[in-house]
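These are the residues of each chain, in order.
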Amino acid sequence: MMIRYVAVGLTALALLGGCQKKNDPSEAGPAERAGRKLDQATEQAGQKLDNATQQASQQLSDAAKETSQKLDQASDKAGEKLNEATKEAGRKLERAGEKMQTAAEEREAAKK
């Protein structure tokens, strides 16, 4: 009977010995190898996503600067045109005032 227990014990040890984790990656099982590949793929995808995010951020920043510059230029041109229009309106008002003054002077001279 003792031999039976020894045989069962040795069989159990042999089975448990096959389940031990191996330190050598070349001896890793298929699930562990697949897990490692999945880890590598996840890390690479994360790096690519980080790079794409940085690149998109830079492009957005560049586009914002360019848009800001164009808006500033358009604003400057609009300001110049507004100034020109204001000056022209002032000249026209001045001419109209001169005409009114001349007409008033002519009326006064006609009364005399």
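Residues numbered from 1 in each chain as written. Predicted model: local features only at pLDDT ≥ 70, side-chain atom pairs only at ≥ 80, totals over all residues. Heavy atoms only, no water.

(A) Inspection of the overall build of the chain at higher detail. When its secondary structure is counted, the chain shows 2 helices and 0 strands. Within the chain, buried positions represent 1% of all 112 residues. For the chain, the computed accessible surface area is about 10,500 Å², with 57% contributed by carbon and sulfur atoms. (Helix = DSSP H or I, 4+ residues; strand = E, 2+ residues; numbered from the N terminus. Buried < 20%, exposed > 50% of the residue type's maximum accessible area, 1.4 Å probe, protein only. Areas by Shrake-Rupley, 256 points an atom, 1.4 Å probe, with all protein chains shown as cover.)

(B) Spatial organisation of the pattern of salt bridges. For the coordinates displayed, the defined rule picks out 4 salt bridges. When the shortest N-O distance is used, the salt bridge between Arg-36 and Glu-32 registers 2.5 Å. Of this pair, Arg-36 and Glu-32 both sit in helix H2 (residues 30-111), separated by 4 residues, roughly a single helical turn. The shortest N-O distance in the salt bridge between Glu-66 and Lys-70 comes to 3.3 Å. On the criterion of helical spacing, the pair formed by Glu-66 and Lys-70 is a turn pair, its members being 4 residues apart in helix H2. (Salt bridge = Lys/Arg side-chain N within 4 Å of Asp/Glu carboxyl O.)

In short, shape yes, function no, at least from these values alone.
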